[in-house]
Amino acid sequence: MRVLQVAAEVFPQVKTGGLADVAGALPPALAREGADVRLLLPGLPAIADALAGARSVLRVGPRFGAAHVELLHGRLQGSDLPAYVVDAPYLYRRAGNPYLGPDGHDWPDNLQRFALLGWAAAHLAAGELDPAWRPDVLHAHDWHAALACAYVAAHPPTTAGSVFTVHNLAFQGLFPIGDFALLELSQRALWPHGIEFHRQVSFMKAGLLFADRITTVSPTYAREIATPEFGCGLDGVLRDRHHDLRGILNGVDRELWNPAADRWIAARYDATSLAGKAYCKAALQREFGLEPRADAPLFGVVSRLTHQKGLDLLLGALPALLARGGQLAVQGTGDDALEQAFRSAAQQHPQQVALNVGYDEPRAHRLVAGADVIVVPSRFEPCGLTQMYGLRYGTLPLVRRVGGLADTVVDADERALAADRATGFVFEHAQAGALEAALVRAMTLFRDPPRWQAVMRRAMAQEFTWTGAAREYLALYDEAIRSRRETPRRWAMR
Ligand code: ADP
Ligand code: GLC
């Protein structure tokens with residue numbers, strides 16, 4: 001089966017979050033299962049410059065305001081993944097964040113930038129851009145690639161099935177309705193029951209309405225987004241399509257995230273010999289300027305600092321953590337107010353709290369390896385990868401019971417402990433008090449090393465592999481292809 005994966009970021013070239021990890025790990029996992037997989041990516045500088053052996057597939061000509069648009073094909077350096085890159089220097093050759101300008105606001109022409117990505121995906125799927133390779137299925141990730149599904153629906157000769165994956169329903173790709181004309185789609189795509197959302201154009205809705213199948217990145221989030229609480233205004237659309245919606249849990253890239261082989265950490269270890277983890281903890285305390293104490297439970301955070309991630313709850317529980325002799329190491333970037341709050345906590349308690357602002361991949365590995373607990377108190381979490389990295393490194397996750405966090409962590413309550421099933425600490429409500437109670441439970445268990453180590457070993461034995469996810473996607477691709485053949489998605493389908 002030929003599969004085209006369409007995404008705006010890919011590890012290691014461009015990464016703002018877990019989407020890049022998925023775009024880097026799912027294609028090789030599908031290839032190991034026998035699929036012929038290629039990626040389609042925007043020609044952001046770090047991506048275009050990493051395309052080895054690039055050859056021109058087609059000069060597309062002017063599109064979406066860019067005078068020069070060309071489709072290139074080659075292999076991504078590092079991962080060696082086969083990839084098409086949409087080279088459109090006017091739209092993509094910009095340094096920094098793929099979605100935001102240097103002022104921290106969305107690029108003003110994001111509509112054109114990501115319409116071009118979707119347009120190229122659909123026309124590649126129709127066999128119109130590369131006569132030598134025509135996919136059987138087009139798999140678009142997040143709103144950045146979602147418009148591909150509308151262009152496929154607009155293009156009846158396409159036989160390729162389409163799958164759209166929601167990585168985060170909160171980012172929807174909303175644009176002024178007056179800009180709809182720039183998309184070169186029929187008005188019927190907009191009204192009625194089209195991609196209009198509260199007098200705006202919604203790229204996310206294009207994926208939800210026009211893909212043959214929809215997935216999201218955990219079974220629990222798949223249920224949650226069909227409810228008003230988590231649906232971001234699109235829960236009705238998702239309920240309408242609940243037969244076509246699946247939750248497929250992300251995996252962990254077991255080569256990149258492996259404490260027995262990680263070249264970035266101070267000492268390597270595995271479940272049978274945990275001594276290296278104590279070195280990693282001491283090294284992390286040194287690196288972050290914390291008091292070098294093996295007996296202090298060290299809590300870690302590696303995260304975007306946003307409302308989603310619930311780190312304000314952790315600030316609320318901080319006094320209890322400090323009073324019990326705990327330590328906290330935070331690495332992240334995002335909201336100024338959150339950064340500032342963690343910075344002032346670090347200034348007041350330099351031996352116990354440390355903050356590293358910025359994005360740093362090797363340091364994220366060192367933090368995951370060196371901490372005792374990784375804290376992920378999210379308000380919502382489609383999947384979450386850091387808690388799975390924590391499990392693999394014997395760094396017990398402390399998480400809220402939502403989305404993928406609920407699907408991957410088993411709370412260390414008495415019953416789970418007795419049955420040797422516990423892998424971390426789970427709390428229910430998005431309240432500092434609930435998080436604090438879980439912190440206190442973690443600190444109590446930490447003072448009981450044999451029981452703590454039993455939970456560590458159970459955590460490290462968890463296998464969230466990409467192989468399982470890849471097989472589920474392949475079965476779903478078959479469904480999407482059949483569905484495209486039998487009941488193609490068209491405009492105004494309600
Ligand atoms: P999200 O995609 O919502 O940000 P995930 O848990 O799925 O959350 O993925 C986050 C990814 O980004 C992980 O690979 C994590 O290690 C990484 N990450 C987040 N913040 C940082 C940071 N400041 N430095 C390095 N890596 C980070
Ligand atoms: C999003 C979600 C995160 C998920 C990631 C990869 O960024 O916020 O929960 O793990 O996508 O699917």
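What counts, and where the lines are drawn
Residues numbered from 1 in each chain as written. Chains lettered and ligands numbered in written order. Predicted model: local features only at pLDDT ≥ 70, side-chain atom pairs only at ≥ 80, totals over all residues. Heavy atoms only, no water. Domains from an automatic or database assignment. Contact = heavy atoms within 4.5 Å. Buried area = accessible area lost by both parts, 1.4 Å probe. Salt bridge = Lys/Arg side-chain N within 4 Å of Asp/Glu carboxyl O. Polar contact = N/O pair within 3.5 Å; in protein donor to acceptor, adjacent residues only side chain to side chain. Helix = DSSP H or I, 4+ residues; strand = E, 2+ residues; numbered from the N terminus. Nonpolar A, V, L, I, M, F, W, Y, C, P; charged D, E, K, R; others polar. Near = heavy atom within 4 Å. Areas by Shrake-Rupley, 256 points an atom, 1.4 Å probe, with all protein chains shown as cover.

1. Some words on the domain arrangement of the protein
Point 1. Examined at the domain level, the protein breaks down into domain 1 (2–251 + 467–486) and domain 2 (275–463).
Point 2. Taken together, the 19 residues of domain 1 in the interface contact 18 residues of domain 2.
Point 3. For the pair domain 1 and domain 2, the summed buried area comes to about 1400 Å², and 60% of that belongs to carbon and sulfur atoms.
Point 4. Applying the counting criterion to the domain 1 and domain 2 interface returns one salt bridge.
Point 5. Of the charged contacts, one joins K15 and E361 as a salt bridge, the two residues approaching to 3.4 Å between their closest N and O atoms.
Point 6. At the junction of domain 1 with domain 2, the criterion picks out eight residue pairs in polar contact (both at pLDDT 80 or more).
Point 7. Counting only elements with at least two residues in the side of domain 1 that touches domain 2, the list comes to α1 (18–32) and α7 (219–224).
Point 8. Broken down by element, the residue count for the side of domain 1 that touches domain 2 peaks at four residues, all from α7.
Point 9. Classifying every residue of the side of domain 1 that touches domain 2 by side-chain character gives eight nonpolar, eight polar and three charged.

2. Some words on the site of ligand 2
Point 1. Taken together, 14 residues surround ligand 2, and among them H167, N250, E381, C383 and G384 come closest.
Point 2. Contact between ligand 2 and C383: an oxygen atom at 2.9 Å from a main-chain N or O atom of the residue.
Point 3. Burial of ligand 2 by the protein amounts to 93% of the accessible area it has alone, namely 310 Å².
Point 4. For the shell around ligand 2, the leading source of residues is α1, giving three residues.

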